[in-house]
Amino acid sequence: MAQLRLLLVEDNPGDIHLVKQMVERCQAGVTVEVVTTGVEAEHFLARKGKYENASRPDLIFLDLNLPQKSGMEVLKGIKSNPEISYIPVIIFTSSEAQNDILDSYKFQANAYLAKPMRIEEFNRIGDAIDRFWFNAAKLPELIDG
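Residues numbered from 1 in each chain as written. Predicted model: local features only at pLDDT ≥ 70, side-chain atom pairs only at ≥ 80, totals over all residues. Heavy atoms only, no water.

Peer 1: Teacher, can you tell me more about the overall build of the chain here?
Peer 2: Each helix and strand in the chain was counted, giving 5 helices and 5 strands. The order of helices and strands in the chain, counted from the N terminus, is β-α-β-α-β-α-β-α-β-α. Taking 2.2 N^0.38 as the reference for a compact globule, 145 residues should give roughly 15 Å; the C-alpha atoms of the chain span a radius of gyration of 14 Å, in line with that estimate. When its C-alpha atoms are laid out on the principal axes, the chain stretches across 40 × 35 × 25 Å. Across the 145 residues of the chain, 43% fall into the buried class. Restricting to contacts in the chain with at least 6 residues of sequence separation, those with at least 24 account for 67%. For the chain, the distance from the average site of its 16 positive side-chain charges to the average site of its 21 negative ones is 3 Å. (Helix = DSSP H or I, 4+ residues; strand = E, 2+ residues; numbered from the N terminus. Rg over C-alpha atoms; globule rule 2.2 N^0.38 Å. Buried < 20%, exposed > 50% of the residue type's maximum accessible area, 1.4 Å probe, protein only. Contact = heavy atoms within 4.5 Å. Lys, Arg positive; Asp, Glu negative; His and termini not counted. Charge placed at Lys NZ, Arg CZ, Asp CG, Glu CD.)

Quick look at the structure:
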């Protein structure tokens, strides 16, 4: 199995650490790239500036509450760009607000997960992500042109 590339768009250092730990526990080989603002995410995906040689991710974990540009704005940009709209986006955020959930799906998020407060729950969600997204789901072949 090829190494999966995950783009984590997250500004909280604690959550970045937890997601990296979760990925290390996964059965599938996964590399994680991290950007901490909405603008950085856009630059990464557009391969602008310091990201000109960035590989396209196979999967994106996107927080909604980001500096400079919201995760919702980033999601809209991803899904309206035919060059990258095929990349699955999982909203991974602390918000459980119904309007955030509705808007995320309206703008074509592939899943919405609320960040758990307890480490046991985080591990349970990590195991489910590993089983489904990293092992069971068939992701699009990388279009890296």
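What follows continues from the structure just given.
Peer 1: What should I look at first to understand the nonpolar core in this one?
Peer 2: In summary, soluble globular proteins display a tendency toward joint burial of nonpolar side chains. In terms of nonpolar packing, the biggest core is built from 22 residues, with V9, L45, I60, L62 and I91 touching the most fellow members. It is helix 3 (residues 71-79) that contributes the most residues to this core, 4 residues altogether. Setting aside its immediate chain neighbours within four residues, V9 contacts V35, T37, A41, I60, F61, L62, D63 and L66. (Core = buried A, V, L, I, M, F, W, Y, C linked by side-chain atoms within 4.5 Å.)

Peer 1: Any chance you could explain the packing of aromatic side chains here in plain terms?
Peer 2: Two measures describe an aromatic ring pair: the distance that separates the ring centres and the angle between the ring planes. Taken as a whole and assessed by the stated rule, the structure comprises 4 aromatic pairs. Ring geometry for F132 versus W133: centroids 5.1 Å apart, planes at 90°, classification edge-to-face. By relative accessible area, which is 45% here, F132 ends up partly exposed. An aromatic cluster of three or more residues is present, and its members are F61, F92 and F122. (Phe/Tyr/Trp six-rings, centres within 6.5 Å; stacked < 30°, edge-to-face > 60°.)

Peer 1: Looking at this model, I keep getting lost on the sheet that holds strand 3 (residues 59-62). Mind explaining?
Peer 2: Strand pairing in a sheet relies on backbone hydrogen bonds, with the paired strands running either antiparallel or parallel. Spatially, 5 strands are ordered 2-1-3-4-5 in an open sheet, and the strand pairing comes out parallel. A strand with exactly one partner marks an edge of an open sheet, and here the two such strands are strand 2 (30-35) and strand 5 (111-114). Taking each pair of neighbouring strands and ignoring which way they run, the sheet shows an average axis angle of 20°. Packed on one face of the sheet, helix 2 (residues 38-46) meets strand 1 (4-9), strand 2 and strand 3 and runs near 130° to strand 2. (Pairing = 2+ DSSP bridges. Axes fitted to C-alpha atoms, helices over the stretch in contact; angles between N-to-C directions.)

Peer 1: Before we go on, may I ask you to explain the packing of helix 1 (residues 13-25) against helix 5 (residues 119-136) in this structure?
Peer 2: For any two helices packed against each other, one specifies the inter-axial angle together with the distance between the axes. Two elements in contact, helix 1 and helix 5, have axes separated by 9 Å at closest approach and are oriented at 50°. Considering the angle they form, helix 1 stands oblique to helix 5. Our pair here, helix 1 against helix 5, has a crossing hand that is right-handed. Residues L18, V19, M22 and R25 of helix 1 pack against I119, F122, N123, G126, D127 and I129 of helix 5. (Parallel < 35°, antiparallel > 145°, perpendicular 65-115°, else oblique. Left-handed = near helix turned anticlockwise from the far one by under 90°.)

Peer 1: Quick question: what am I supposed to make of unusual backbone geometry here?
Peer 2: Glycine aside, residues mostly have negative phi angles, and peptide bonds mostly take the trans form. At Q68, a residue that is not glycine, the phi angle is positive and equals roughly 75°. Secondary-structure assignment places Q68 in the loop between strand 3 and helix 3. Of note, Q108 is a non-glycine position whose phi angle comes to about 75°, a positive value. Structurally, Q108 is set in the loop between helix 4 (98-106) and strand 5. Given a relative accessible area of 46%, Q108 falls into the partly exposed group.

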